[in-house]
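Residue-level structure breakdown
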Amino acid sequence: MQRPVAVVSLSALRHNVRALARKSSRPVIAVVKDDAYGHGAEIAAHEIADMVCMFAVATVDEGARLVTAGIARDVLVLTPVLCREEAMRARHYGLIVTAASFPSLAFCGGLRTHIAVNTGMNRYGFSPREIGRAAETAKSLNAHVEGVFSHLYEPSDPRAREEQTRAFAWCAQAVRGVFPGAVRHLCATGGILAGGEMFDAVRPGLGLYGYAPPLFADTAGLRPAMKVCAYVAQNTRPYGGGAGYAAAPKAFSALHTVSAGYGNGLFRAGVPGSVGKLCMDAFVREGRLPFGTRVCVLEDAAAYAAQHGTTAYETLVAVGKGTEKRYVR
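Report on the accompanying structure.

Definitions and limits used
- Residues numbered from 1 in each chain as written.
- Predicted model: local features only at pLDDT ≥ 70, side-chain atom pairs only at ≥ 80, totals over all residues.
- Heavy atoms only, no water.
- Helix = DSSP H or I, 4+ residues; strand = E, 2+ residues; numbered from the N terminus.
- Buried < 20%, exposed > 50% of the residue type's maximum accessible area, 1.4 Å probe, protein only.
- Contact = heavy atoms within 4.5 Å.
- Areas by Shrake-Rupley, 256 points an atom, 1.4 Å probe, with all protein chains shown as cover.
- Lys, Arg positive; Asp, Glu negative; His and termini not counted.
- Charge placed at Lys NZ, Arg CZ, Asp CG, Glu CD.
- 1 Å grid on protein atoms, 1.4 Å probe; cavity = no way out; pocket = protein on both sides within 12 Å on 5 of 7 lines; lining within 4 Å.
- Points joined across faces, edges and corners; volume = space filled by probe spheres on them.
- Pairing = 2+ DSSP bridges.
- Axes fitted to C-alpha atoms, helices over the stretch in contact; angles between N-to-C directions.
- Disulfide = S-S within 2.5 Å.
- Core = buried A, V, L, I, M, F, W, Y, C linked by side-chain atoms within 4.5 Å.
- Parallel < 35°, antiparallel > 145°, perpendicular 65-115°, else oblique.
- Left-handed = near helix turned anticlockwise from the far one by under 90°.
- Nonpolar A, V, L, I, M, F, W, Y, C, P; charged D, E, K, R; others polar.
- Phe/Tyr/Trp six-rings, centres within 6.5 Å; stacked < 30°, edge-to-face > 60°.

A separate point is the overall build of the protein. Scanning the protein from N- to C-terminus turns up 11 helices and 14 strands. Projected onto its principal axes, the C-alpha coordinates of the protein cover approximately 75 × 40 × 35 Å. Counting over 329 residues, the protein shows a buried share of 51%. By sequence separation, contacts in the protein at least 24 residues apart represent 64% of the contacts at least 6 residues apart. Total accessible area on the protein stands at roughly 14700 Å², and carbon and sulfur atoms take up 52% of it. The average position of the 36 basic charges and that of the 26 acidic charges among the side chains of the protein differ by 4 Å.

Take a look at the structure:
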């Protein structure tokens, strides 16, 4: 009871996969990187494995954990291979790797591979002027190229989305000239909600967990899958001049302490109803509640993130790391 609890709805996860699949009419590559955005990758993946064609993770370590947990679907590692050891581990666990540059491609010989294309995000990927040579190099290295992908940097901007889509279509055609069966995937959650070109598969992340990216209306009817609860650890008749990690803004007749704070991934500035700043693993609120009462401290990660100038993604990952997870249907 001392740690906050992240209550994860498995039925909400399944609902969101169905909603995004209906919206896109394409097979779903489910992004479960960063411990499924804090929701618990192994359990989340098992829950939706029958609904998706593939999983995507950030690192070989994350992929290895899914395979070790018994996930039978293909697993794509989105971060390009950076050394021979990672390539060897990917081979051992049967993972699909990403080639995003000629140095990373050099490690992909004999491995199942997706080629990343830089269509404007300027994070990972071969540039369009390199893509033909990259595909030919992959063939010469005996890399088993099974897919080609990119990422929209601003899917809410129609012009930027259309420019990237055209660039990606051209690059994907070049790759398929060498590897005819390469699966093309471009749209993550934002691209799906924007109604962009879906190609052969879609790759949602944030939407799986119930949230639309900033600037997007939720047109798919997504359901947040996580809420965070914590426990009342003390009732206090105030003494002195403080309230939490700050001077009291007024005279309080009663305060109670909730066992959750920035040590659990919440923001130090506070949560709705808190008084003063959060202090490591606790915060205070006005009034009295019975000792041990469970209270909800975070229900809408997007609204909470907006109050603190960040994103639902960052919020979910942070609180997921700092809480004990419990699963409900």
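From this point, things continue past the structure.
A few words now on the layout of surface pockets. Here the largest pocket is characterised by a volume of approximately 830 Å³. Lining the largest pocket are 37 residues, with Lys 33, Met 121, Arg 123, His 151 and Ala 188 positioned closest to its centre. Mapped onto the lining of the largest pocket, the elements with two or more residues apiece are α2 (33-37), α9 (189-194) and α11 (312-322). Among the elements that make up the lining of the largest pocket, the one with the highest residue count is α9 (3 residues).

The subject of this paragraph is the sheet that holds strand β2 (residues 29-31). Taking strand neighbours across the sheet as the criterion, the 3 strands line up as β2-β3-β4 in an open arrangement whose pairing is parallel. Looking at which strands have only one partner, the edges of the open sheet turn out to be β2 and β4 (74-77). The average angle at which neighbouring strand axes cross in this sheet is 30°, direction not considered. Across 4 bridges, strand β3 (residues 54-57) lies against β4 in parallel orientation.

The next point concerns the pairing of strand β12 (residues 282-286). In this sheet, β12 lies alongside strand β10 (residues 255-258) in antiparallel orientation, the contact comprising 4 bridges. Residue pairing for β12: Leu 255 is matched across the bridge by Glu 286. Strand direction decides the pairing type here: strand β11 (residues 274-279) and β12, joined by 3 bridges, are antiparallel. Bridged to Ser 274 within β12 is Arg 285. The turn joining β11 and β12, which pair antiparallel and follow one another in sequence, is formed by 2 residues; a positive phi near 55° is taken by Met 280.

Two cysteines whose sulfur atoms are joined by a covalent bond form what is called a disulfide. The tally for this structure, following the rule as stated, stands at 0 disulfides. Left without a disulfide partner, Cys 53 is nearest to the cysteine sulfur of Cys 187, which lies 14 Å away. Counting only cysteine sulfurs, Cys 187 is the nearest neighbor of Cys 171, a cysteine outside any disulfide, at a range of 16 Å. With a relative accessible area of 0%, Cys 171 lands in the buried category.

Ranked by size, the top nonpolar core spans 99 residues in total, and within it Leu 13, Phe 55, Leu 66, Val 175, Leu 266 and Val 297 carry the most contacts. The element that contributes the greatest number of residues to this core is helix α1 (residues 10-24), accounting for 6 residues.

Here the focus is unusual backbone geometry. You will see that Ser 25, though not glycine, has its phi angle at about 55°, which is positive. A positive phi angle, close to 55°, is found at Ala 36, a residue other than glycine. Ala 36 sits in the buried class, given a relative accessible area of 0%.

Let us look at the sheet that holds strand β8 (residues 183-185). Spatially, the 4 strands line up as an open sheet ordered β5-β6-β7-β8, and their pairing is parallel. Each of the sheet's edge strands pairs with one partner strand only, and the pair in question is β5 (97-99) and β8. Direction aside, the axes of adjacent strands within the sheet are offset by 30° on average. Across the sheet, helix α8 (residues 158-178) is in contact with β6 (112-116), β7 (144-149) and β8; its angle to β7 comes to roughly 170°.

The contact between helix α7 (residues 131-140) and α8 brings their axes to 9 Å, and the two run at 25°. Taken together, the axes of α7 and α8 are roughly parallel relative to one another. The hand of the α7/α8 crossing is right-handed. Contact with α7, carried on its side by Ile 131, Ala 135, Glu 136 and Lys 139, involves Trp 170, Cys 171, Ala 174, Val 175 and Val 178 of α8 and no other residues of that element. Class assignment of the residues belonging to the contact of α7 with α8 gives a composition of 7 nonpolar, no polar and 2 charged.

We now examine the packing of aromatic side chains. For any pair of aromatic rings, the description rests on two quantities: the centre-to-centre distance and the angle between the ring planes. With the rule as written, the count across this model stands at 5 aromatic pairs. A ring pair is formed by Phe 102 and Phe 126, whose centres lie 5.1 Å apart and whose planes are at 75°; its orientation type is edge-to-face. One end of the pair, Phe 102, is in helix α6 (residues 102-105); the other, Phe 126, is in the loop between β6 and α7, with 24 residues separating them in the sequence. Ring plane angle 35° and centroid distance 5.2 Å describe the contact between Phe 267 and Tyr 304, whose orientation is recorded as tilted. Separated by 37 residues along the polypeptide, Phe 267 in the loop between β10 and β11 and Tyr 304 in helix α10 (residues 301-307) bring together distant segments of the chain. On the accessibility criterion, Tyr 304 (3% relative accessible area) is buried.

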